[in-house]
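Each chain, written out:
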Amino acid sequence: MRVANDATNSKKLQQMMVTQRALRPDFAPTRNERCFCGSGDRFRNCCGSRTKDRPPPHGVEIVSTFLDADRCRVWSDYLERQPRQRLGTVEAREDHFETTYDVDRITDVVKAGELRGEINGEIERAFRTVIAPLCERPFAWFEYPQVLRYEPGGWYRAHADSEVFVQDQQSWAKGIDRDISLLLYLNDEFRGGSLSFLNFNYSYRPRRGDLVVFPSDHRYAHQAEPVEQGLRWVVASWGAFANEPRVRSEPAPESIVL
Ligand SMILES: [Zn+2]
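In this text, all values refer to a predicted model and were calculated from it rather than measured experimentally.

## A look at the side chain of Arg232
Consideration 1: Summarising the element assignment, Arg232 is placed in strand 19 (residues 232–241).
Consideration 2: The side chain of Arg232 sits in the buried core without any salt bridge; Glu225 is the nearest counter-charge, 8.7 Å away.
Consideration 3: Among the polar contacts listed, one links the side chain of Arg232 to the backbone oxygen of Gly193, at a separation of 2.7 Å.
Consideration 4: Among residues more than four places away in sequence, those in contact with Arg232 are Leu148, Arg149, Tyr150, Tyr185, Asn187, Phe190, Gly193, Ser194, Leu195, Pro206, Ala224 and Val227.

Dropping the structure here:
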């Protein structure tokens, strides 16, 4: 991966990209504060509501059956036969980086194989026809969609997709050029495995074919809850808006320019 300019800058960027074990959000509106979404309501009655079965909070969009059920099944059946690899999380130590497995994240990334083109095409369709109109902004690129497989016990501890919490500064920093996160659920035959947005007391129970879209910053820190039974299949990608300030000099190595 190429990052901007000199070695110092490169090191700084790498450190910012490190996933922190302890998530310490500095976005913590009080319950009586006016909601960040601009509704004029108090946070507790708006995006921070604790009401069950309420609509998603401001900024989280759910598009039902973006992908039809048959195609979801064809994809997950094929992908189950593909090679896969455990993903780890990376943390900065004094003088080196350390990758840990099976602690904060128990997730396999699966090779898309012959489905690569079709998956990229559908995710491009999502960014062009659904997400850009929702955001009322064009995208510069989106990253190659990742196919993720969660076994029973699989989960991903709370994290933000574009930012990391920098312990020294006690604040969040953008480490990667992602503005909008996309999740496409390929199945729902599993127990557990909800998607929780910690700041909003909001949990989404995945449904086959649903597209879930939200900003990639720390307000939308989220956790993939442990799968209790069955397999959880999801395709993930991240889009970068056109004309947005960048932390890197070029798009992520594997990305599709729009
Ligand atoms: Zn709100």
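## Some details on the coordination of the zinc ion
Between any two of four tetrahedral donors, the ideal angle at the metal is 109.5 degrees; between two of six octahedral donors, it is 90 or 180 degrees.
Consideration 1: Protein coordination at the zinc ion comes from Cys35 (SG), Cys37 (SG), Cys46 (SG) and Cys47 (SG), with a distance range of 2.2 to 2.5 Å.
Consideration 2: Sequence positions of the donors to the zinc ion reduce to the motif C-x1-C-x8-C-C.
Consideration 3: On the accessibility criterion, Cys47 (2% relative accessible area) is buried.

## Focus: helix 2 (residues 69–80)
Consideration 1: Between its first and last C-alpha atoms helix 2 spans 16 Å; for twelve residues at 1.5 Å apiece the expected length is 16 Å, and the two agree.
Consideration 2: Cys72, Trp75, Ser76, Tyr78 and Leu79 are the residues of helix 2 that are buried. Angular distribution of buried residues about the axis of helix 2 spans 165°; they occupy a single face of the element. Exposed positions of helix 2 whose direction lies more than 90 degrees from the buried face are Asp70 and Val74.
Consideration 3: Packing partners of the buried residues in helix 2 comprise strand 6 (108–110), helix 3 (116–135), strand 8 (146–150), strand 12 (180–185) and strand 19.

## What to know about the pattern of salt bridges
Consideration 1: Scanning the model with the defined rule gives 19 salt bridges in all.
Consideration 2: Across the salt bridge formed by Glu80 and Arg149, the nearest N and O atoms sit 2.9 Å from each other. Of this pair, Glu80 sits in helix 2 while Arg149 is found in strand 8, placing the two residues 69 residues apart along the sequence.
Consideration 3: Of the residues examined, Glu80 reaches a relative accessible area of 31% and is grouped as partly exposed.
Consideration 4: Its relative accessible area of 5% is what places Arg149 among the buried residues.
Consideration 5: Of the charged contacts, one joins Arg219 and Asp217 as a salt bridge, the two residues approaching to 2.8 Å between their closest N and O atoms.
Consideration 6: A relative accessible area of 18% places Asp217 in the buried class.
Consideration 7: Each of Glu80, Arg84, Arg86, Asp102, Asp108, Arg149 and Glu151 takes part in salt bridges that share partners, so that together they form one network.

## Points about the environment of Glu61
Consideration 1: By the element assignment, Glu61 lies in strand 1 (residues 61–63).
Consideration 2: Of the residues examined, Glu61 reaches a relative accessible area of 34% and is grouped as partly exposed.
Consideration 3: Setting aside anything within four residues of it in sequence, one finds Glu61 in contact with Leu134, Leu211, Val212 and Val213.

## Considerations on the nonpolar core
Consideration 1: Grouped together as the largest cluster of nonpolar side chains are 29 residues, with contacts concentrated most on Leu79, Ile131, Leu184 and Leu186.
Consideration 2: At the level of secondary structure, the elements contributing two or more residues to this core comprise helix 2, helix 3, strand 7 (139–143), strand 12, strand 16 (211–215) and strand 19.
Consideration 3: When residues in this core are grouped by element, the largest group, seven residues, is from helix 3.
Consideration 4: Setting aside residues up to four positions removed in sequence, Leu186 forms contacts with Leu67, Cys72, Trp75, Leu79, Arg208, Trp233 and Val235.
Consideration 5: The next biggest cluster of nonpolar side chains, apart from the first, holds 28 residues, and it includes Phe43, Leu195, Phe200 and Phe214.

Procedures and definitions
- Residues numbered from 1 in each chain as written.
- Predicted model: local features only at pLDDT ≥ 70, side-chain atom pairs only at ≥ 80, totals over all residues.
- Heavy atoms only, no water.
- Helix = DSSP H or I, 4+ residues; strand = E, 2+ residues; numbered from the N terminus.
- Buried < 20%, exposed > 50% of the residue type's maximum accessible area, 1.4 Å probe, protein only.
- Lys, Arg positive; Asp, Glu negative; His and termini not counted.
- Salt bridge = Lys/Arg side-chain N within 4 Å of Asp/Glu carboxyl O.
- Polar contact = N/O pair within 3.5 Å; in protein donor to acceptor, adjacent residues only side chain to side chain.
- Contact = heavy atoms within 4.5 Å.
- Donors = N, O, S within 2.8 Å, 3.2 Å for Na, K, Ca; no water.
- Expected span 1.5 Å × (residues − 1).
- Arc of directions from axis to C-beta.
- Core = buried A, V, L, I, M, F, W, Y, C linked by side-chain atoms within 4.5 Å.

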